[in-house]
Amino acid sequence: RPRNEAACLPLLNKYQLQYSGYSLFVGTIEPRKNLAALLDAYSRLPLSTRKLTPLILSGYQGWENDAIMVKIRQAEREGWVRYLGFLPANELPLLYSAARLFCFPSLYEGFGLPVLEAMASGVPVVCSNSSSLPEIIGDAGLTFPAEDIVTLTTLLQKAIEDHSWRAESINMGLARSSLFSWQRCADQTISVYQKVIAN
């Protein structure tokens, strides 16, 4: 659910972040998440935009991430990326809610729960159009071909700066995320079992 600035303030102070002042990625640091493309696309934004709205990364370091970590460290030195590592589960809802934008450029997802979590937190989303992600996001966010860095840069800038689109996306994301629930998942699973038994 969305949380206001006051609710997020202790976390923001802990990590020295500003409310609605950063873009966010949450996920394992590994090739499948396509972070190299996100870093390349973000680097194409004007430096003033990157400094005002830095890219915050959170998640475990996964497999074959050496090249990605080199890119992250370079961007950290330039002052427009921060890697927070893996955060406790109780901090993530606040980190989501305080973000200006959620970025998820993944090459493949079984479901893509972070996109749903971001929408439910009232945060606009830019994600790739691969695997299950279009089904989750619907029309509530912006999608791009996973390896199209130029388009990703354009969408990132729109999502950061276009106030009218942002307001519409937040409302649509909240409505879209409300369609997903564990109760609905259970009901649909039971329905599948019933059809199998009937056949």
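Chemist: For this particular structure, what's the right way to read the overall build of the protein?
Modeler: A count of helical and extended segments in the protein gives ten helices and six strands. Computed over C-alpha atoms, the radius of gyration of the protein comes to 17 Å, within 12% of the 16 Å expected from 2.2 N^0.38 for 199 residues, which places it in the range of a compact globule. Taken along the three principal axes of its C-alpha coordinates, the protein extends 60 × 40 × 30 Å. Scored against the burial criterion, the 199 residues of the protein give a buried share of 48%. Of all intrachain contacts in the protein linking residues separated by at least 6 positions in sequence, the fraction that spans at least 24 positions is 69%. Counting only carbon and sulfur atoms, one obtains 56% of the accessible surface of the protein, whose full area is about 10000 Å². Averaging the coordinates of the 18 positive side-chain charges in the protein and doing the same for the 18 negative ones gives two points 4 Å apart.

Chemist: I keep staring at the sheet that holds strand 5 (residues 125–128) and nothing clicks. Help me out?
Modeler: Pairing between the strands of a sheet is mediated by backbone hydrogen bonds and can be parallel or antiparallel. Spatially, six strands are ordered 3-2-1-4-5-6 in an open sheet, and the strand pairing comes out parallel. The sheet terminates laterally at strand 3 (81–83) and strand 6 (142–144), the two strands that pair on one side only. Strand-to-strand, the axes of this sheet are offset by a mean angle of 20 degrees, without reference to chain direction. Where strand 1 (residues 23–26) and strand 4 (residues 101–104) come together, two bridges link them in parallel fashion. Its bridge partner being in strand 4, L24 is matched across the sheet by F102. Docked against the sheet, helix 2 (residues 35–43) engages strand 1, strand 2 (55–58), strand 3 and strand 4, running at close to 165 degrees with respect to strand 2. Contacting strand 1, strand 4, strand 5 and strand 6, helix 8 (residues 149–161) crosses the sheet at an angle of about 170 degrees to strand 6.

Chemist: Please clarify how the confidence of the model for the protein should be interpreted in this entry.
Modeler: Caution applies to low-pLDDT regions: their predicted coordinates should not be interpreted in detail. For the protein, the mean per-residue pLDDT works out to 93, and 98% of the residues sit at or above 70. Considering each helix and strand of the protein separately, the mean pLDDT is smallest for helix 10 (residues 182–198), with a value of 80, and largest for strand 1, with 98.

Chemist: Any chance you could explain unusual backbone geometry here in plain terms?
Modeler: We note that Q16 has phi near 55 degrees; this positive angle belongs to a residue other than glycine. Turning to its location among the elements, Q16 is positioned in the loop between helix 1 (5–15) and strand 1.

The rules behind each value
Residues numbered from 1 in each chain as written. Predicted model: local features only at pLDDT ≥ 70, side-chain atom pairs only at ≥ 80, totals over all residues. Heavy atoms only, no water. Helix = DSSP H or I, 4+ residues; strand = E, 2+ residues; numbered from the N terminus. Rg over C-alpha atoms; globule rule 2.2 N^0.38 Å. Buried < 20%, exposed > 50% of the residue type's maximum accessible area, 1.4 Å probe, protein only. Contact = heavy atoms within 4.5 Å. Areas by Shrake-Rupley, 256 points an atom, 1.4 Å probe, with all protein chains shown as cover. Lys, Arg positive; Asp, Glu negative; His and termini not counted. Charge placed at Lys NZ, Arg CZ, Asp CG, Glu CD. Pairing = 2+ DSSP bridges. Axes fitted to C-alpha atoms, helices over the stretch in contact; angles between N-to-C directions. pLDDT = per-residue confidence, 0-100.

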